[in-house]
Amino acid sequence: MSDDRLIVALDVPNALAGLDLAEKLGDAVSFYKIGLGMLTGGGLALANELKQELGKRIFLDMKLFDIGATVEAAVRGLAQYELDFLTVHGDPYVVRAAKEGAANSNTKILAVTILTSLDRSDLDGALIKDGKVSDLVVERAGRAFDAGADGVICSPNEAALIRALPEADGRLIVTPGVRPEGADLGDQKRVATPANAVRNGVDHIVVGRPVWKAVDPRAAAQAITKEMQRAIQLDT
Ligand code: C5P
C-alpha cells in the first residue's frame, strides 16, 4: 500500500510517459512531483489527470522567482489546478507573494532554501554572503517560515537542524537527494537513505531515478516505503 511520505519525481519527457509510469506504479505511490522539465511536455495536463482522474496528490516543482506581483499572479493561476505543493525560492518577499496567491486554495507553498547543487564557490559567484552553506540554509529556512512558508525544501543533511528551529513547528520539510542503500547516486552528492531522512525529521522524501529507472518501478517504490516505515517503527 502507498505511503504519501514518498513522493515520486516524474522526470520523464512527457505526459504520456508520466501516465504510463503512474499506471505501472498503481496503488504503490500516491504522491507525484512534476517539474519544469515536463512543462512543455504536457506537465500541467498530467497534473490535472493524476489529481482528478486517479486521485493522486501533486507537487508542482516550479521554483518560482520574480517580482512579488508576478509570483502572486502565477501562484493564483496554478492554484486552480488544486495542487498540493508548489515551490518558490525562499526569499521572504517571494514567499509572502506566493502565500497571497494561494490564499483561496489548499495549495501549500514550499520554499527552496539553497539548491543542493550549489556549493560555496557558486554562492560566491552569486555574491551571496559569507558563511557555511548549511548555516545559510538554516537561516533561509527560518526566514521563509517567518514569511509564512508552509514548508521548505532542503538536503536530508540539513533537515535535523531545520527541524530543531522553533519556527519549524507544524511546518513541512521535504527533501530530494534520497537514495536507498546501494543505489546509484547519479549526480546527487549529499544523499541520505529513506530511513535516515525520516529519522532526521523529514515529512516527505522526493525520489526520482531509483524508482523510474528501476527494472520494476513498483517493487522499487514499495521497498522504499517499507524502509521508511521500518525506520519509524524501530524509533517508536
Ligand atoms: O532522480 P532523483 O531522485 O535524483 O530526483 C530528485 C528530484 O528532485 C529531481 O526531480 C530533481 O530535479 C529534484 N531536486 C533535487 N535537488 C534539489 C531540488 C530538486 O534533486 N535541490
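Before reading further, recall that the structure is shown in the block above.
All of the points below concern the structure found in this document. Throughout, residues of each chain are indexed from 1 in the direction in which the sequence is written. Local features in this predicted model are restricted to residues of pLDDT 70 or higher, and side-chain atom pairs are both shown and tallied only at a pLDDT of 80 or more, whereas totals for entire chains, interfaces and linings draw on every residue. Each side-chain value is worked out from all heavy atoms of the structure, with water and hydrogens disregarded.

**Brief notes about the packing of helix H1 (residues 15-25) against helix H2 (residues 43-52)**
Note the threshold: Orientation is described by axes fitted as lines to C-alpha atoms, over the contacting stretch for helices, and by angles from 0 to 180 degrees between their N-to-C directions. By definition, any uninterrupted DSSP run of H or I lasting at least four residues is a helix, any uninterrupted run of E lasting at least two residues is a strand, and each is numbered from the N terminus. Each angle is binned into one of four classes, with values under 35 degrees roughly parallel, values over 145 roughly antiparallel, values of 65 to 115 roughly perpendicular, and all other values oblique. Throughout, a crossing is termed right-handed when the near helix is turned clockwise from the far one, and left-handed when it is turned anticlockwise from it by less than a right angle. Every residue pair with non-hydrogen atoms within 4.5 Å of one another is taken to be in contact. Here the nonpolar group is Ala, Val, Leu, Ile, Met, Phe, Trp, Tyr, Cys and Pro; Asp, Glu, Lys and Arg are the charged ones; every other residue, Gly included, is treated as polar.
Between H1 and H2, whose axes approach to 9 Å, the crossing angle comes to 25 degrees. The angle between H1 and H2 falls in the class roughly parallel. When the axes of H1 and H2 are compared, the crossing they make is right-handed. Contact residues: H1 offers Ala15, Gly18, Leu19 and Ala22, while H2 offers Leu46, Glu49 and Leu50. For the contact of H1 with H2, the residue count by class is five nonpolar, one polar and one charged.

**Overview of the packing of helix H6 (residues 133-146) against helix H7 (residues 156-163)**
Following both chains from N to C, one finds H6 and H7 inclined at 50 degrees, their axes separated by 10 Å at the closest point. Put simply, H6 runs oblique to H7. Once H6 is placed against H7, the crossing between them reads as right-handed. Contact with H6, carried on its side by Ser134, Val137, Val138, Ala141 and Phe145, involves Glu158, Leu161 and Ile162 of H7 and no other residues of that element. Looking at the contact of H6 with H7 residue by residue, the class counts come to six nonpolar, one polar and one charged.

**Looking at H7**
The following threshold applies: Categorising residues by exposure relies on relative accessible area from a 1.4 Å probe, with only protein chains included: less than 20% of the type maximum marks a residue as buried, more than 50% marks it as exposed, and the intermediate range marks it as partly exposed. Regarding the arc, it is the one traced by the directions from the helix axis to the C-beta atoms.
Residues Pro156, Glu158, Ala159 and Ile162 constitute the buried set of H7. The buried residues of H7 all sit within an arc of 140 degrees when viewed along its axis, so they share a single face. Against the buried residues of H7 lie H6, strand S6 (151-153) and strand S7 (172-175).

**Concerning the site of the ligand**
Test applied: Consider each residue's heavy atoms; a residue with any of them within 4 Å of a molecule or strand counts as near. Under this definition, polar contacts are N or O atom pairs within 3.5 Å; protein pairs additionally need one hydrogen-donor-capable and one acceptor-capable atom, and for neighbouring residues in sequence, both atoms have to be side-chain atoms. Here the accessible surface of atoms and residues is derived via Shrake-Rupley with a 1.4 Å probe, and residues count as covered only by protein chains that are part of the display.
Not every one of the 13 residues close to the ligand is listed here, only the nearest: Asp11, Thr116, Gln188, Gly208 and Arg209. One of the side-chain N or O atoms of Lys33 is found 2.9 Å from an oxygen atom in the ligand. Take Thr116: an N or O atom from its side chain is 2.7 Å from a nitrogen atom of the ligand. When isolated, the ligand has an accessible area of 460 Å², and the protein chains bury 83% of it. Among the elements of the structure, strand S8 (204-207) and helix H9 (209-212) are those that each provide at least two residues to the shell around the ligand.

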